[in-house]
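Tertiary structure, described
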Number of protein chains: 2
Amino acid sequence: MRGLGTRTVLYQQNVAASLGLYNNDLKSVDILRETGPITAGELSKITGLATGSVTALIDRLEKVGYVRRANDPNDRRRVILVPEYEYKEEVGNTYRPLHQSMHELASSYTDEDLDLITQFIGKASAILEEQIKQLNVKKSKSSS
Amino acid sequence: MRGLGTRTVLYQQNVAASLGLYNNDLKSVDILRETGPITAGELSKITGLATGSVTALIDRLEKVGYVRRANDPNDRRRVILVPEYEYKEEVGNTYRPLHQSMHELASSYTDEDLDLITQFIGKASAILEEQIKQLNVKKSKSSS
């Protein structure tokens, strides 16, 4: 898991660099793609980035067309961030070789094995999410 | 896998921040721990960082005591980077809750299932390593 973690982080840094983005910026684009439209405050909570950093980040991403700010259709006073990710051809092109190789790897397993692996990955993700929360609790405690 | 990747990167960024390190810096410490002593040139190749960035990074890490430069005992003209990682109590303390939770998760599987999962993770890591190499080939082509 450690080895996979190291390579995941490096891969992501290299993808960000090849797209001309900061690593944090690309990560936020990925999060938005996963969550769908959320507010800047929610993005700040998920990433653990300070509100000011998130504002600057959204400005950068909006400028290059990866996200756009929009009024929440359910509550016009709320501003939400809408991912424009899928429309970016260069993003798709950059990730394509990875997706292809991962797809090939997955195809070499039986459905039953894949269920087991997927379940494990889901649980490991949940653990990481919980740990990120814990680190942020510690951070806000030590800064107050 | 995407969800796990996103959370891995976020977790790592939060750990780095809680240790007062840049994310790239902590990653290099992790790589050194995995590879054992290597040269700055080798670290540059693995991370995809430019030589100048690696030099600055090593300076920072040496200052805070995470690595030290030493002469290669097998070739006195070569300077190698020695990880001092394991001696840092705060690093151990920061990662401990994650390791504990992952250990608990692993304990809930049979040896046979764990073999399958470990094998999958190893293959996924190898794919990521190959993809990082490919991205770097593209990068050096486009910059020359």
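Please refer to the structure higher up on the page.
Residues numbered from 1 in each chain as written. Chains lettered and ligands numbered in written order. Predicted model: local features only at pLDDT ≥ 70, side-chain atom pairs only at ≥ 80, totals over all residues. Heavy atoms only, no water.

1. Some words on the pairing of strand β1 (residues 67-72) of chain A
Residues and elements named next belong to chain A. Strand direction decides the pairing type here: β1 and strand β2 (residues 75-83), joined by six bridges, are antiparallel. Within β2, the position partnered with arginine 69 by the bridge is leucine 81. In textbook terms, the turn of a hairpin is the stretch between consecutive antiparallel strands, and for β1 and β2 this stretch comprises two residues. (Pairing = 2+ DSSP bridges. Helix = DSSP H or I, 4+ residues; strand = E, 2+ residues; numbered from the N terminus.)

2. A closer look at helix α4 (residues 51-63) of chain A
All names here are of chain A. Look at α4: 18 Å from first C-alpha to last across 13 residues, which is about the 18 Å you get at 1.5 Å a residue. Val54, Leu57, Ile58 and Leu61 are the residues of α4 that are buried. The buried side chains of α4 occupy one side of the element, clustering within an arc of 100° when seen end-on. Residues of α4 that are exposed and angled more than 90 degrees away from the buried face: Gly52 and Lys63. Positive backbone phi, approximately 80°, marks glycine 65, located one or two places after α4. (Expected span 1.5 Å × (residues − 1). Buried < 20%, exposed > 50% of the residue type's maximum accessible area, 1.4 Å probe, protein only. Arc of directions from axis to C-beta.)

3. Digging into the side chain of A:Ser44
Residue and element names in this part refer to chain A. Residue placement: serine 44 occurs in helix α3 (residues 40-47). Owing to a relative accessible area of 13%, serine 44 belongs among the buried residues under this scheme. Excluding anything up to four places from it in sequence, serine 44 contacts Leu49, Ala50, Thr51 and Val54. (Contact = heavy atoms within 4.5 Å.)

4. As for the pattern of salt bridges
Taken as a whole, this structure holds 12 salt bridges over all chains when the rule is applied. The shortest N-O distance in the salt bridge between B:Asp59 and B:Arg69 comes to 3.0 Å. Taken as a pair, B:Asp59 in helix α4 (residues 51-63) and B:Arg69 in strand β1 (residues 67-72) lie far apart in primary sequence, 10 residues in all. Residues joined by salt bridges that share partners form a network here, namely A:Asp59, A:Glu62 and A:Arg69. (Salt bridge = Lys/Arg side-chain N within 4 Å of Asp/Glu carboxyl O.)

5. Description of the side chain of B:Thr8
If you trace the backbone, B:Thr8 turns up in helix α1 (residues 2-18). For B:Thr8, the contacting residues outside a window of four places in its chain are A:Gly5, A:Thr8, A:Val9 and A:Leu128.

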